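Architecture and fold: a report
Listed below are the residues making up each chain.
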Amino acid sequence: MSFKYPLATATWGEAEQAAMQRVIASGMYTMGENVKTFEHDFANHVGSQHCVMVNSGSSAILLMVAALCYTKNPKLKLNRGDEVIVPAVSWSTTYYPLYQYGLKIKFVDIDLETLNYDLNQLETAVTDKTRAIMAVNLLGNPNDFNRINEIIADRDIVLLEDNCESMGATFQGKQAGTFGVMGGYSSFFSHHISTMEGGLIVTDDEELYQILLSLRAHGWTRNLPKHNLVCSEKSDDPFEESFRFVLPGYNVRPLEIEGALGIEQVKRLPMLIDERRKNGKLLQAAMANHPDLIIQKEIGESSWFGFSLVIRPNSKLTRKALVAKLNELGFECRPIVAGNFAKNEVVKYFNSEVHGTLKNAEHIDQNGLFVGNHHYPIPEAFHVLANI
């Protein structure tokens, strides 16, 4: 089915096409200088010291969790059984790495308007057993990191960010994804920039950065500096270091063609975010007082991944009817991420608990959806939405 208002459209132009052709002509397709340059450029853009590109946003979150399990820093290290707090609404791979590394998952409800943590619920969920908080910036909306840091206070709690949906969002002028010890991003086709598939991790911690480099490629030493914080020192003989494995890693390396696309896309990122924000302002003006639908309440400056529409608790409108009407009007729709993830069958494998109740997550699960935003003006879309 062809939609007038699809969820996502291509952000590539002639520069991206030319970049791909250059990589094809070079004959060098595996991870190399283009990936390295993109990592450098992206780190500069968000204001981080280090960036590691991987093959997806999901892999970014996986490596972030893994790195905390292998760090030697006792203030950051996670051990099997440690409790990690997560919001009940997010994508599956926010949770899977926590399960895969034997961590205990505590689900906390979300706010019906911001779609991020219900901060009062988060505050009561934190106990002496809590070792980490995963902050998920949903649909482009950053969390209130002032409040989260007040909740953490002086406790030994590690803050991580799943920023896969919120590249370009800012809170008090600082880029989302840079508030935690590590932040993960996605550059999948439907996201703010696209490298086809792809993900990024940023951090200011040198040891975590080097662990990520090793984990990304088999857990070997090849990509580490001679003097490093993972295996101390490497041999001067590259042959000896060719197949030396020091961590149980993965192969989640990106391709050179993805790095080349990223170099061009990050140049356009400020413009792409600015245009999305212009559309966000139009949505807010058109839908602020809609009698049946709640739109997302912006925290800081959202990068407006998409536009959520949540049926008000007292409305007689049903989601089935809303989806049918939106489809009829040309809007492609999706549920709000994975809805209330705690009700999914896969959770039976987790070591997990629910803090309090998840009434807002459940309401989102049954009564929420989102439509697409784009890097070009769509003013007529908001006129149509306002009159639903």
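Here goes a summary of the coordinates provided.

What follows is about the environment of S90. In this fold, S90 is placed in the loop between β2 (83-87) and α4 (92-100). Judged by relative accessible area, which is 2%, S90 ranks as buried. For S90 and G168, which are 78 residues apart along the polypeptide, the C-alpha to C-alpha distance reads 19 Å. Excluding residues within four positions of it along the chain, S90 makes contact with Y95, V136, L138, D162, V337, A338, G339 and F341.

Quick look at the sheet that holds strand β13 (residues 352-354) now. Read across the sheet, 8 strands follow the order β1-β9-β8-β5-β4-β2-β3-β13 without closing on themselves; strand pairing throughout is mixed. Each end of this open sheet is capped by a strand with a single partner; those strands are β1 (50-54) and β13. For this sheet, the mean inter-axis angle between neighbouring strands, taken without regard to orientation, is 20°. Of the strand pairs in this sheet, β2 and strand β3 (residues 104-108) are connected by 5 bridges, and their pairing is parallel. Each bridged residue has a counterpart across the sheet, and for V86 the counterpart in β3 is F107.

Okay, the side chain of T114 next. Mapped onto the secondary structure, T114 falls in the loop between β3 and α5 (119-125). We classify T114 as buried; its relative accessible area is 9%. Leaving out residues up to four positions away in the same chain, T114 has contacts with N141, Q296, K297 and I299.

Basis of the calculations
- Residues numbered from 1 in each chain as written.
- Predicted model: local features only at pLDDT ≥ 70, side-chain atom pairs only at ≥ 80, totals over all residues.
- Heavy atoms only, no water.
- Helix = DSSP H or I, 4+ residues; strand = E, 2+ residues; numbered from the N terminus.
- Buried < 20%, exposed > 50% of the residue type's maximum accessible area, 1.4 Å probe, protein only.
- Contact = heavy atoms within 4.5 Å.
- Pairing = 2+ DSSP bridges.
- Axes fitted to C-alpha atoms, helices over the stretch in contact; angles between N-to-C directions.

This is a description of form; function is not addressed.
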